[in-house]
Amino acid sequence: MGPEMSAHVLASGDVPTLAEVLDTLLLRAGFNTGLVVVGTTLLGLAAGVVGVFVTLRKRALVTDALAHATLPGIAIAFLIAGGLGLAGRTLPLLLAGAAVSAILGVVCIGLILRHSRLREDAAIGIVLSVFFGAGVVALSWIQANAATGSAGLATFIYGQAATIRPSDLVVLAGLAIVAVLAAILFLKEFALVCFDESFARVLGWRVGAIDLAMTTLVVLVVVAGLQAVGVILVVSMLIVPAVAARFWTDRFGTMTIVAGMVGAVSGYLGSVLSALLPRQPAGAVIVLAAGAVLLASLLFAPSRGVLARAWRRLSLDLRIAGDHLLEVAHERGVGALPAAQIDRIAREHAWSVRVRRMLPLSLRRRGLAEGGGGGGLSITAAGRDRGARVARNHVLWAEYLVRHADVAPNHVDWSVDQVEHVLSEEIVRELEAALAERGGAPVESTS
Amino acid sequence: MSPILHRTPADLVNLGERPEHSPESPLSVHAMTVAYHRKPVLWDVDYDAPPNRLVAIVGPNGAGKSTLIKACLDLLPRASGQVEFWGEAYRRVRTRVGYVPQRESVDWDFPVSALDVVCMGRYRRLGWCRPVTRAHREAALRCLGQVGLREVADRQISRLSGGQQQRVFLARALAQEAELYLMDEPFAGVDAATERAIVEVLRRMKSDGRTVIAVHHDLQTVPEYFDDVILLNMRVVAAGPVGEVFTRENLQKTYGGRLTPLAEAAEAVARAAFEGR
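Position numbers for residues start from 1 in each chain and track the written sequence from start to end. The naming scheme follows written order: chains are lettered A onward, ligands numbered 1 onward. In keeping with the model being predicted, local features are shown solely for residues with a pLDDT of at least 70 and side-chain atom pairs are shown and tallied solely at 80 or more, while totals for entire chains, interfaces and linings include all residues. The basis for every side-chain value is the complete set of heavy atoms in the structure, and neither hydrogens nor water enter the calculation.

Asks: Give a description of the domain arrangement of chain A that names residues and reports values.
Replies: Residue and element names in this part refer to chain A. On domain assignment, one finds that chain A holds domain 1 (29-299) and domain 2 (305-447). Each domain's extent is set by a domain assignment, obtained either automatically or from a database. Domain 1 and domain 2 are separated by 54 Å when their C-alpha centres are compared. Counting residues at the interface gives 4 residues for domain 1, matched by 4 residues for domain 2. Across the domain 1 to domain 2 interface the summed buried area is about 260 Å²; carbon plus sulfur atoms make up 61%. Whenever Lys or Arg places a side-chain nitrogen within 4 Å of a carboxyl oxygen from Asp or Glu, that contact is recorded as a salt bridge. Where domain 1 packs against domain 2, one counts 0 salt bridges. As used in this structure description, the phrase polar contact means that two N or O atoms lie within 3.5 Å; if the pair is within protein, one of them must be able to donate a hydrogen and the other to accept it, and residues adjacent in sequence are counted only when both atoms belong to side chains. Where domain 1 packs against domain 2, one counts 2 residue pairs in polar contact (both at pLDDT 80 or more). We call two residues contacting when some pair of their heavy atoms lies within 4.5 Å. What gets called buried area is simply the loss in accessible area from a 1.4 Å probe that two parts show on being joined, summed for both.

Here's what the structure looks like:
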């Protein structure tokens, strides 16, 4: 069994037993597996924290280019090491080469932007593909021509978590500490530069220096992640946890904590899974684990999630439809609406089929109506009040527009509930008085 | 992406001696030229702001109104010219100068609350690596109160209306506790009620002895809201008290053939306001 297989608990494609699963989860499945799991967890933590700054500074694509641009550096560092007579795979030298070439890639993007009329996305695309292409060519040349030790170089493309050694673990732990410390110390600095760069400049901050600090953290995470996750996938360890975290919170600090946790959990679960499922590269499984967290966040997050938004949309539609219905009942002075009449109101107001179908249930649950015979509704006392109030507010609003159109807010989330909030009490009283004077539409005070 | 600056050699433009700027003038601009991509946007701008006045910068689209503010604050490179605040270089008096950027210049989906944004106005006082203290938070809350947004302090900023967002920026500037404020379109895209609220804040700032220089789009309200006006179209066409400078002739010079009936209406308003004094 080669070293790259030693992290796998199982040699074949057997389904792991419960005991094996537990052992792996609890880091008891052998030294190497434990090493990999702890290493990728630390890497995930650091990447998650740093990724928040990357996404909020809108640098996700640049970071992808940065990661791809490491590849030629690895190849050149290997050749230099060979020339110096060092053992081919001296990891620190290779990673130093990766860092230098990553920075060179970012500098190239800046140069293209400054000296050509290309847009940022084009510049990023050029640097990403040209650097990566150069790296692939250099690696295959090395494998065809160079001597010993070149076999493992290609693993940097997809990464190989199993090659994590005890000394690497120290480096990864250091990285995690640096990332967390930087996030704690510079939280407000990073936040302001991400949010409003020009205001940061006006305060006299050196935005360039703060950006440099953020980029340095990114380079460190990318280079540290190359070995485990690889050139292609390392960017997703930065981006995915941060994007997932954004679904759960509206606060910068909380988002950083959540992203760090999502990253750590993805690193942990991904490496455990890959240990249990032989021949599944850890890097890809880690990214998939993070992707699963993202998908769950996207769907189920309480306020920004897709389902929550759909539910809010539907409730709003139902509320508006209900208001229309009660207003009609109020205006016609009827206490019950047969199904045919509800259908007619539905057509007049172009309700969706779903709203029409769910409206009776919604009104009953809000205590505004009770089920009449044959799919009809009989309006309760609360429903009659509501209808009167809706009618009154519509009249008030129309009157307001007539009398105060010059100062009417141009962007009001128009809902009858808000009339009282949008208009001040004096205006409401003034409007009511004006209406009463004219002997216009009857205005019931519901307060 | 920052605009590329093609420097004119300083000695070509700046032959004259350094003028003596009055230390009373909160902002003195001398022979300032700013260019993007070879094309000058501002050319030889000279201006001395009077203290304790509300000053509007007015001019057609592309006249360089925002550029003037940004170049004064070193947010854009100047091809030539000098800017002084109270006779001193900007970097020495930063704490005395507040800034309200255009509302569109930031991403309002950013995960911060209204109060967080206002606290940013205190960051320079806080210093590096220090979290926001309770005292600063309370100062920020007071500033939110001044613009009438205390109730939405904890709301994420994308859940504010456009007018509220604009007022959050104003509150952040108040939190800077500066003496001179440069504002980039503080009235852009706000409803009439917010506009009145902002005018109230500006008047209060003036009565506290501060100076405000704001880019303004609506010619009709210039005489009502502002004391002074800068008519700008690449160069300063005219600058001074509204009653003297905000004339049909000057507006025509500023807007060229594009002077609309709107501006004529503004002139009528200006005359009425002037006669009313």
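Asks: Before we move on, can you summarise the packing of aromatic side chains with the specific residues and values?
Replies: Aromatic pairs are defined between Phe, Tyr and Trp rings, using the six-membered ring for Trp, whenever the two ring centres lie within 6.5 Å; interplanar angles under 30 degrees are classed as stacked, those over 60 as edge-to-face, and all others as tilted. For the structure shown, the criterion picks out 12 aromatic pairs over all chains. A centroid spacing of 6.3 Å and a plane angle of 85° characterise the contact between Phe195(A) and Trp108(B), whose relative ring orientation is edge-to-face. Of this pair, Phe195(A) sits in helix α9 (residues 187-195) while Trp108(B) sits in the loop between β5 (97-100) and α3 (114-119), on two different chains. Buried residues are those whose accessible area, probed at 1.4 Å on protein chains only, stays under 20% of the maximum for their type, while exposed residues exceed 50% and partly exposed ones sit between those limits. The buried category is assigned to Trp108(B), whose relative accessible area is 10%. Ring centres of Phe195(A) and Phe110(B) lie 5.3 Å apart, and the angle between their planes is 45°; this geometry places the pair in the tilted category. Placement of the pair is Phe195(A) in helix α9 and Phe110(B) in the loop between β5 and α3, with the two residues belonging to separate chains. Just as Phe195(A) is buried, Phe110(B) falls in that class too. Clustering of aromatic rings is evident, with ring pairs tying together Phe53(A), Phe186(A), Phe190(A), Phe195(A), Trp205(A), Phe252(A), Trp108(B), Phe110(B), Tyr123(B), Trp128(B) and Phe169(B). Numbering goes from the N terminus for both helices and strands, where a helix is a DSSP run of H or I of at least four residues and a strand is a run of E of at least two.

Asks: Which residues make up the side chain of Gln165(B), and what values do they have?
Replies: Here Gln165(B) lies in helix α6 (residues 162-175). Residues contacting Gln165(B), with those up to four places away along its chain left out, are Arg103(B), Trp108(B), Ile157(B), Ser158(B) and Leu160(B).

Asks: Would you mind going over helix α3 (residues 60-68) of chain A in detail, with residue names and values included?
Replies: In terms of burial, α3(A) is a largely internal element, 7 of the 9 residues being buried. Residues of α3(A) that are buried sit in contact with α2 (31-56), α4 (70-83), α5 (91-115), α6 (120-145) and α11 (207-246) of chain A.

Asks: Which residues make up the interface of chain B and chain A, and what are the values?
Replies: In this complex, chain B contributes 37 residues to the contact, which on the side of chain A involves 32 residues. Between chain B and chain A, a total of about 3200 Å² is buried, with carbon and sulfur atoms accounting for 62% of that surface. Three residues, Phe110(B), Pro111(B) and Trp128(B), lead the burial of chain B against chain A; their summed loss comes to 20% of the area buried on that side. For the pair chain B and chain A, the interface holds 6 salt bridges. Listed by contribution, the elements that provide at least two residues to the side of chain B that touches chain A are α3, α4 (123-126), α6 and α7 (192-207) of chain B.

Asks: Go over the sheet that holds strand β3 (residues 54-58) of chain B with me, naming the residues and quoting the values.
Replies: Residues and elements named next belong to chain B. Should DSSP find at least two bridges between two strands, the strands are taken to pair. Read from one edge to the other, the open sheet built from 6 strands follows the order β5-β6-β7-β3-β8-β9, with strand pairing classed as mixed. If you trace the sheet from one side to the other, it starts and ends with β5 and β9 (235-241), each paired once. Neighbouring strand axes in the sheet, compared pairwise and without regard to direction, differ in orientation by 15° on average. Think of each axis as a best-fit line through the C-alpha atoms, taken over the contacting stretch in the case of a helix, with angles from 0 to 180 degrees between the N-to-C directions. Where helix α10 (residues 248-255) meets the sheet, it contacts β3, β8 (228-233) and β9, and its direction lies at approximately 35° from that of β8.

Asks: How would you explain unusual backbone geometry if you had to name every residue and give the values?
Replies: Residue and element names in this part refer to chain B. Of note in this structure, Glu177 is not a glycine but carries a positive phi near 50°. Within the secondary structure, Glu177 is located in the loop between α6 and β6 (180-183). Here Glu177 falls in the partly exposed class, since its relative accessible area comes to 43%. Residues other than glycine seldom take positive phi values, yet Met234 does so here, at roughly 70°. Mapped onto the fold, Met234 is located in the loop between β8 and β9.

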